[in-house]
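Residue-level structure breakdown
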Amino acid sequence: MSGPDADIAVVGLGAWGASALWQLARRGIRAIGVERYGPANINGSSYGESRMFRTACLEHPGLVPLAQRSRALWRQLEQESGTRLLEPTGAMLIGPEDGRIVGGALRAAREHGLDIEVVDRDALRRRCPAHEDLSPGHLAVIEPAGGLTLPEATIRAALDAARAAGARVITDTRVTALETERSRVAVHTAAGRVLHVGQVVVTAGPWLDQLVPGLPLEVVRMPTTWFTPEAPHERFTLRRLPVFMRELDGGDVLWGHGTLPGGTEVKLGLEDGGKHFRVVDPESLDRSVSPADWSVLTRRLAQAVPGVGREPSRAIANIYARTPDGQFVIGRPRGNPRLVVAGGCSSHGFKHATGIGEVLADLVQGKEPVFPLGFTDPDRFE
Ligand SMILES: Cc1cc2nc3c(=O)[nH]c(=O)nc-3n(C[C@H](O)[C@H](O)[C@H](O)COP(=O)(O)OP(=O)(O)OC[C@H]3O[C@@H](n4cnc5c(N)ncnc54)[C@H](O)[C@@H]3O)c2cc1C
């Protein structure tokens, strides 16, 4: 038996895998990252120019410390890469006080003493005139330190930092199987190459259960759309329309942000809410987009954000994997000593990418992650 190619292989180099590789390499661990497509590719979940960052984690208060740690690591990655990756424009969570968005944000903020501001409908409309059509009683939780992260730039920065710390990065190579041998794992690739490593971290996003069967993941196709306002107006700039999630009457959640500096497009989309988007097989996915992808959104936009335009100027089809309870799966399935998984991002995982990279490096080293993440146990559904 020849010696191992590395201590660890990270399979899938989207935001989570690239961050894990960076964290492993900076600890001096010999790590290889393997990615099926190119870095920052359009096929996975980490694509589309921007993502909302906030620590008011309405999805689960236990995620707040992870988001806070992620912010610190983002600053570190910015320093190492010399690239701005997290723009603190402020983040706005808007809707009825007892709704999922505002209610969840307030709960997280109270439990963790977050620095937030709560403003009523009239104050919000003065600050952000694009939100003029707010229903009575709706309010906004504003997190001044929230903002925009840049997915493609973050992945590139993490991969560069990982390489600089000694990691190997192999792109355009699909991993087809993981075979556990007595004291190591054989990582088989479509090119017929086999890498031998001590442990594998699988961060394959929507493809995770191809390599680790048995996880209850569904892949959802989620269109992302950009609009060019009918007339350029200050109300649509990022400063006046910072990144937001807004619960509309009826429960649909609109998300987006104003035009980036130098840009002309407002990014807007609807959250799935289990109603709008198709469950798909990522291997036979139709990525072409058509009016059916944005008709529900544009029907709501005419009233919710008037003046933004009737048809998108640009659209793409993203995918993500979701779990039955909407929480991630992070850990060692069935206590497997050679395998760590992280996936099921349920469309709220980008903001945690750098922190998850650190958690994965801890797990690989047999350390208890510093935050209790029992609610992400991959075996919790059994
Ligand atoms: C439209 C949209 C909007 C979102 N908005 C937000 C937001 O505002 N804020 C937020 O926090 N989160 C948001 N999310 C969620 C966030 O983008 C994801 O949680 C995050 O990008 C997940 O990253 P990942 O690394 O787990 O997965 P991915 O980015 O999908 O990476 C997985 C990688 O694994 C590779 N791979 C797969 N199979 C193999 C294989 N067999 N061999 C080798 N490589 C393989 C893939 O090519 C891919 O590059 C959004 C998601 C979507 C789709």
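Residues numbered from 1 in each chain as written. Predicted model: local features only at pLDDT ≥ 70, side-chain atom pairs only at ≥ 80, totals over all residues. Heavy atoms only, no water.

**Observations regarding the packing of helix α1 (residues 15-26) against helix α5 (residues 151-164)**
Remark: α1 packs on α5, axes separated minimally by 8 Å, with the N-to-C direction vectors making an angle of 25 degrees. One way to sum up the angle between α1 and α5 is to call them roughly parallel. Where α1 crosses over α5, the handedness of that crossing is left-handed. On α5, the residues touching Ala15, Ala18, Ser19, Leu21, Trp22 and Ala25 of α1 are Ile155, Ala158, Leu159, Ala161 and Ala162. Residue composition of the contact of α1 with α5, by class: 10 nonpolar, one polar and no charged. (Axes fitted to C-alpha atoms, helices over the stretch in contact; angles between N-to-C directions. Helix = DSSP H or I, 4+ residues; strand = E, 2+ residues; numbered from the N terminus. Parallel < 35°, antiparallel > 145°, perpendicular 65-115°, else oblique. Left-handed = near helix turned anticlockwise from the far one by under 90°. Contact = heavy atoms within 4.5 Å. Nonpolar A, V, L, I, M, F, W, Y, C, P; charged D, E, K, R; others polar.)

**Description of the sheet that holds strand β6 (residues 117-119)**
Taken in spatial order, the eight strands of this open sheet run β6-β7-β5-β14-β15-β16-β13-β17, and their pairing is mixed. Edge positions in the sheet fall to β6 and β17 (314-322), since each of these pairs with one other strand and no more. Sheet twist, expressed as the average angle between the axes of neighbouring strands with direction ignored, equals 20 degrees. The sheet contact formed by strand β13 (residues 218-227) and β17 spans nine bridges and is antiparallel. Its bridge partner lying in β17, Arg221 is registered against Ile319. (Pairing = 2+ DSSP bridges.)

**Quick word on the sheet that holds strand β4 (residues 86-87)**
Overall, antiparallel pairing links the three strands, which are arranged β3-β8-β4 in an open sheet. A strand with exactly one partner marks an edge of an open sheet, and here the two such strands are β3 (51-53) and β4. Summarising the sheet, β4 and strand β8 (residues 147-149) pair through two bridges and their orientation is antiparallel. Residue Glu87 lies in a different strand from β8, and its bridge partner there is Leu148.

**Quick notes on the domain arrangement of the protein**
Note on interface size: it is often stated as the accessible area lost on association of the parts. Each assigned domain of the protein is listed with its residue range as follows: domain 1 (6-49 + 151-215 + 326-376) and domain 2 (96-144 + 218-322). Summarising the inter-unit geometry, the C-alpha centres of domain 1 and domain 2 are found 30 Å apart. If you look at the interface, domain 1 gives 17 residues, while domain 2 gives 13 residues. Between domain 1 and domain 2, roughly 1300 Å² of surface is buried when both sides are summed, and carbon and sulfur atoms account for 47% of that area. By the criterion of area lost to domain 2, the three top residues of domain 1 are Glu49, Pro206 and Ser347, representing 33% of everything that side buries. On inspection of domain 1 and its partner domain 2, the count reaches two salt bridges. The salt bridge involving Arg314 is made with Glu49; its shortest N-O contact spans 2.9 Å. Connecting domain 1 to domain 2 are 10 residue pairs in polar contact (both at pLDDT 80 or more). A per-class count over the side of domain 1 that touches domain 2 returns five nonpolar, nine polar and three charged. (Domains from an automatic or database assignment. Buried area = accessible area lost by both parts, 1.4 Å probe. Salt bridge = Lys/Arg side-chain N within 4 Å of Asp/Glu carboxyl O. Polar contact = N/O pair within 3.5 Å; in protein donor to acceptor, adjacent residues only side chain to side chain.)

**Digging into the site of the ligand**
As a matter of local geometry, the ligand sits amid 35 residues, with Glu35, Ser45, Ser46, Met52 and Lys351 nearest to it. Within the backbone of Ser347, a nitrogen or oxygen atom sits 3.3 Å from a nitrogen atom of the ligand. Between the ligand and the protein, one listed contact pairs an oxygen atom with a side-chain N or O atom of Lys351 at 2.8 Å. In the complex, 96% of the free accessible area of the ligand, which totals 1000 Å², lies under the protein chains. When contributions to the shell around the ligand are tallied by element, the ones reaching two or more residues are α1, β3, β13 and β17. When grouped by side-chain class, the residues that make up the shell around the ligand number 16 nonpolar, 14 polar and five charged. (Near = heavy atom within 4 Å. Areas by Shrake-Rupley, 256 points an atom, 1.4 Å probe, with all protein chains shown as cover.)

**Quick notes on the environment of Leu211**
Within the secondary structure layout, Leu211 lies in helix α6 (residues 208-211). A residue is classified by how much of its surface remains accessible, and Leu211, at 16% relative accessible area, is buried. As a C-alpha pair, Leu211 and Leu58 span 153 residues in sequence and 30 Å in three-dimensional space. (Buried < 20%, exposed > 50% of the residue type's maximum accessible area, 1.4 Å probe, protein only.)

**Some remarks on the pattern of salt bridges**
Enumeration over the complete set of coordinates arrives at 24 salt bridges. The partner of Arg235 in a salt bridge is Glu132, and the shortest N-O contact between them spans 3.3 Å. A residue pair is termed long-range when its members are at least 10 positions apart, and Arg235 in the loop between β13 and β14 (244-247) and Glu132 in the loop between α4 (121-127) and β7 (138-143) qualify at 103 residues. The salt bridge involving Arg246 is made with Asp133; its shortest N-O contact spans 4.0 Å. Of this pair, Arg246 sits in strand β14 while Asp133 sits in the loop between α4 and β7, and the two are 113 residues apart along the sequence. You can call Arg246 buried: its relative accessible area is 2%. Residue classification places Asp133 among the partly exposed positions, given a relative accessible area of 29%. Each of Glu49, Glu265 and Arg314 takes part in a single network of salt bridges with overlapping partners.

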